[in-house]
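Here is what each chain is made of, one letter per residue.
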Amino acid sequence: MNKRDSEALASRLASQGYLLTDSEQSADIILLNTCSVRDNAEQKALNKMRMLIGRSKLQERKPLFGFLGCMAQAHGEQLLEEIPGLQLVLGTHRSHKLPEYLEALLTDREKKIADCGGMEAPPVFLKDHIVPEKNSNSPLVSAFVNIMHGCDQYCTYCIVPETRGKEFSRPIADIVDECSSLAKNGVKEVTLLGQIVTSYGKRLIRPSPEGLSPFVQLLEEVEKAEGIERIRFTSPHPKGYGMDLVEAYGRLNKLCQSAHIPLQSGSNRILKAMRRGYTAERFLEILAQLRAVQPSIGVVTDIIVGFPGETEEDFQETINVVREARFDSAFIFKYSPRKYTVAAEMPDQVPMEMREERHARLMALVNEIARESYQQKIGTIQEVLVEGVSRRNVNRLQGRSRCNKIVLFEGPSAWVGTIRKFRIVRAGQYSLYGEPIETEKNK
Ligand code: SAH
Ligand code: SF4
C-alpha cells in the first residue's frame, strides 16, 4: 500500500514539473513514506532519516526532508522537535496537500509544516500513476489500484484503524475507469488494494439481487475492463469469503488463482483475543472451498507469533493449522505492541526471546512446506505475465504465474508485457525456472 501511495505522490509531483531521481545524493527533496504497523518499521524510518540529515550536513547540497505516511500520522508534530533538520510531517489523510506544502517550504527554508489532520469528506483518492515513456525497457505491466481507504475492524493488535482512519470506498465506476486507462497504457494486471478489501462498499453499495457482495460486484465490473487480463486483490479478511467470492474464482476468467488470506493465529483463544471474528476451523473451511473451485490456487498468509497470552499450546495450534493449510508462503511477524491498541495494554506480554524462538520455529516449517509446494510445480505448464528483467540475473526475464509464483526464464526483451506459457523445469526456494513452450498464445 505504501508503494502505491509513494507512486501516486511521485507521479503527482512529476506532473507539476518535479524530476524523479534514483539517487539520494542528487535529490533536492527527500520524502520518506513510512509504515507504523510494527516498531521495527518505525525505527528503520527514523534511523534512515537521521542518517540522511546527518550526511547532508557534510555536503553542499541541503535537501528538504519530509516524513509521509502512517508513522507521520501516528507521531505528528513531535517528529519536527525530535529530528532537527526535518521540515515536513504529512499524515495519511492529507497527502494530496504535498505539492502546496513543498512550494511553501522551498520558498522559506526556515519554515516547518506538520499536517496530520483527519480525513476530508469525501476523502481524496490519488489516481496518478507513473507511466514510463513508450518503448521503455521497463514498461508498466502490472499496477496497484486503491479501491478503499481505512479499516473499521479494530483487531486488538493493529494500529491501522488509527493511522488510516475509517473505511471509505470509491465508487465502482471510478475504479473501473482507472483500470481502463491503465490498460490503455499497457497494463495487463491490476491488484485491487485496501486494508480490508472484502468490506469494500459496505455502506455504499447494496448486495445485488443475486446476493453478490459489493466486492464481488466490483470484481465483476473490473473483469469487463478491456485490456485488463488479470485481477488480483489484497488484503482480504477471512470473514469476507462468502460463497459469492469463492464462486467468483470459478466464474471470473481474469481473477488469478491466488489469495493472500491472513490467518494471524491457529488458536481460537488467541483469535478471539485478537478480535478477528473467525475460528481456525472456519479458516480451513474457506481454504477447502477455494481449493474445490480452483485446485491450483496459491495461498499466502500472515501470522503473528507471541501475541499477549500466547502459550506453547496456542502456538502448537498455529503449527497444526499451518501443517494442514499448506500455505505456499507466509509472512510471519513477531508481535509488536503498538500505541493506541488494546493488545498493548493486555497482561501476559510474551518475552521477546520467546517471540523470536517461535518465529524461527514457524519459519522453518513454512519454508519446508513452501519448498515442497514449489517442487510440485516442476513439470507443470504455467501462464506467465512477463514483467521485466530478473533482479538477480540480467540475462533472465521474470514474471508471475497466475498462482503468483515468480517464474524466471531466458527470452528476448520484446516478451516484456506479454502473457506466455512456460514448462517448469526447476524450482528454487521461492521461484520457479521455466522453458517457453510453443502455443498459439505465445505466437
Ligand atoms: N489489512 C491487512 C494488513 C494489515 S498489516 C490485513 O488485515 O491483513 C499487515 C500484517 O502485519 C497483518 O496481517 C499482521 O499479520 C501484521 N501486524 C499487524 N499489526 C501487528 C503488530 N502489532 N505486531 C506484529 N504484526 C502485526
Ligand atoms: Fe489491521 Fe487488517 Fe485487522 Fe484492519 S483487518 S485492524 S488492517 S489487521
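Scroll up for the structure.
Residues numbered from 1 in each chain as written. Chains lettered and ligands numbered in written order. Predicted model: local features only at pLDDT ≥ 70, side-chain atom pairs only at ≥ 80, totals over all residues. Heavy atoms only, no water.

Colleague: With reference to specific residues and values, describe the overall build of the protein.
Modeller: Secondary structure summary: the protein contains 13 helices and 17 strands in total. Against the globule reference of 22 Å for 443 residues, the protein gives a C-alpha radius of gyration of 23 Å, in line with a compact fold. Looking at the protein residue by residue over its 443 residues, the buried ones come to 52%. In the protein, the share of contacts with a sequence separation of at least 24, taken over all contacts with a separation of at least 6, comes to 70%. Surface exposure of the protein reaches about 20,900 Å², of which carbon and sulfur atoms provide 50%. Of the charged side chains in the protein, 60 are positive and 57 negative; the average position of the first set lies 2 Å away from that of the second. (Helix = DSSP H or I, 4+ residues; strand = E, 2+ residues; numbered from the N terminus. Rg over C-alpha atoms; globule rule 2.2 N^0.38 Å. Buried < 20%, exposed > 50% of the residue type's maximum accessible area, 1.4 Å probe, protein only. Contact = heavy atoms within 4.5 Å. Areas by Shrake-Rupley, 256 points an atom, 1.4 Å probe, with all protein chains shown as cover. Lys, Arg positive; Asp, Glu negative; His and termini not counted. Charge placed at Lys NZ, Arg CZ, Asp CG, Glu CD.)

Colleague: Would you mind going over the sheet that holds strand 5 (residues 142-146) in detail, with residue names and values included?
Modeller: Strand order in the open sheet made by the three strands is 5-8-9, with parallel pairing throughout. Two strands in the sheet have a free side with no partner beyond their single neighbour: strand 5 and strand 9 (230-234). Averaged over all adjacent pairs, the angle separating strand axes in this sheet is 25°, with direction ignored. Two elements, strand 5 and strand 8 (residues 189-193), share five bridges in a ladder whose sense is parallel. Bridged to Ala 143 within strand 8 is Val 190. (Pairing = 2+ DSSP bridges. Axes fitted to C-alpha atoms, helices over the stretch in contact; angles between N-to-C directions.)

Colleague: Summarise the side chain of Gln 294; cite the residues concerned and give the values.
Modeller: Among the structural elements, Gln 294 can be located in the loop between helix 11 (280-293) and strand 11 (298-305). Accessibility expressed as a relative area gives 15% for Gln 294, which makes it buried. Those residues in contact with Gln 294, other than ones at most four positions away along the chain, are Tyr 249, Gly 250 and Gln 257.

Colleague: Tell me about the pairing of strand 17 (residues 432-436), and please be specific about residues and values.
Modeller: A regular strand places its side chains on the two faces of the sheet in alternate fashion. In terms of strand pairing, strand 15 (residues 406-409) meets strand 17 through two bridges, oriented parallel. The partner of Leu 408 across the bridge, within strand 17, is Tyr 433. Hairpin geometry of strand 16 (residues 419-427) and strand 17 is characterised by an intervening segment of four residues between the two adjacent antiparallel strands.

Colleague: Run through helix 9 (residues 243-251), naming residues and quoting values.
Modeller: Within an α-helix, residues lying three or four positions from one another point in the same direction, as the helix has 3.6 residues per turn. Turning to helix 9, its buried residues number three or more, namely Asp 244, Leu 245, Val 246, Ala 248 and Tyr 249. Elements that come into contact with the buried residues of helix 9 comprise helix 8 (214-223), strand 9, strand 10 (258-260) and helix 11.

Colleague: A description of unusual backbone geometry should follow, citing residues and the corresponding values.
Modeller: The residue after Thr 234, namely Ser 235, is reached through a cis peptide bond having omega -5°. Topologically, Ser 235 is positioned in the loop between strand 9 and helix 9. One non-glycine residue, Tyr 154, lies in positive phi territory at about 50°. Tracing the backbone shows Tyr 154 in the loop between strand 6 (148-149) and helix 6 (160-164). At Gln 264, a residue that is not glycine, the phi angle is positive and equals roughly 70°. Position of Gln 264 among the secondary structure elements: in the loop between strand 10 and helix 10 (268-273).

Colleague: Summarise the nonpolar core; cite the residues concerned and give the values.
Modeller: The tendency in soluble globular proteins is for nonpolar side chains to be buried side by side. Ranked by size, the top nonpolar core spans 72 residues in total, and within it Leu 192 and Phe 233 carry the most contacts. Discounting residues that sit within four places of it in the chain, Phe 233 has contacts with Thr 191, Leu 192, Val 197, Phe 215, Leu 219, Tyr 241, Leu 245, Tyr 249 and Leu 255. Counting residues in each nonpolar core, the second largest holds 17 residues, with Leu 32, Ala 45, Leu 46 and Ala 72 among its members. (Core = buried A, V, L, I, M, F, W, Y, C linked by side-chain atoms within 4.5 Å.)

Colleague: Talk me through the packing of helix 1 (residues 2-15) against helix 5 (residues 98-107); I want residue IDs and the actual numbers.
Modeller: Taken N-terminus to C-terminus, the directions of helix 1 and helix 5 make an angle of 60°; their axes are 10 Å apart at the nearest point. As far as their axial angle goes, helix 5 and helix 1 are oblique. Helix 1 and helix 5 meet at a crossing whose hand is right-handed. Only Leu 98, Pro 99 and Leu 102 of helix 5 make contact with helix 1, whose side of the interface consists of Leu 9, Arg 12 and Leu 13. A class-by-class count of the residues in the contact of helix 1 with helix 5 yields five nonpolar, no polar and one charged. (Parallel < 35°, antiparallel > 145°, perpendicular 65-115°, else oblique. Left-handed = near helix turned anticlockwise from the far one by under 90°. Nonpolar A, V, L, I, M, F, W, Y, C, P; charged D, E, K, R; others polar.)

Colleague: Provide a residue-level description of the packing of aromatic side chains, including the pertinent values.
Modeller: What describes a pair of aromatic rings is the distance from one ring centre to the other and the angle between the planes of the rings. Inspection of the entire model under this criterion finds 10 aromatic pairs. By way of ring pairs, the aromatic residues Tyr 157, Phe 307 and Tyr 335 are connected into one cluster. Looking at Arg 38, its charged tip hangs above the ring of Phe 333, at a distance of 3.7 Å from the centre. Sitting over the face of the ring of Tyr 433, Arg 426 holds its NZ or CZ atom 4.0 Å from the ring centroid. (Phe/Tyr/Trp six-rings, centres within 6.5 Å; stacked < 30°, edge-to-face > 60°. Lys NZ or Arg CZ within 6 Å of the ring centre and 35° of its normal.)

Colleague: Now, about the site of ligand 2: what can you tell me, with residues and values included?
Modeller: Ligand 2 sits among Cys 151, Gln 153, Tyr 154, Cys 155, Tyr 157, Cys 158, Val 160, Pro 161, Gln 195, Ile 196, His 237 and Arg 276. For the shell around ligand 2, the per-class residue count stands at eight nonpolar, three polar and one charged. (Near = heavy atom within 4 Å.)

Colleague: Account for the site of ligand 1, naming residues and giving values.
Modeller: As a structural note, the neighbourhood of ligand 1 is formed by 14 residues, with Arg 38, Gln 195, Gln 264, Asp 302 and Ser 336 the closest of them. Contacts to ligand 1 include Gln 195, whose backbone N or O atom sits 2.6 Å from a nitrogen atom. Within the side chain of Gln 264, a nitrogen or oxygen atom sits 2.7 Å from an oxygen atom of ligand 1. For ligand 1, whose accessible area on its own is 530 Å², the fraction buried by protein is 90%. Of all the secondary structure elements, the ones that give two or more residues to the shell around ligand 1 are strand 11 and strand 12 (329-334). Considered class by class, the residues forming the shell around ligand 1 number six nonpolar, four polar and four charged. (Polar contact = N/O pair within 3.5 Å; in protein donor to acceptor, adjacent residues only side chain to side chain.)

Colleague: Got a sec to walk through the sheet that holds strand 1 (residues 29-34)? Specific residues and values, please.
Modeller: The four strands lie next to each other as 1-2-3-4, forming an open sheet whose pairing is parallel. Both outer strands of the open sheet, strand 1 and strand 4 (113-115), are each paired with one neighbouring strand and no more. In this sheet, neighbouring strand axes are inclined to one another by 15° on average, regardless of whether the strands run parallel or antiparallel. Seen against the sheet, helix 1 touches strand 1 and strand 2 (64-69) and runs at an angle of roughly 155° to strand 1. Contacting strand 1, strand 2, strand 3 (86-90) and strand 4, helix 5 crosses the sheet at an angle of about 165° to strand 3.

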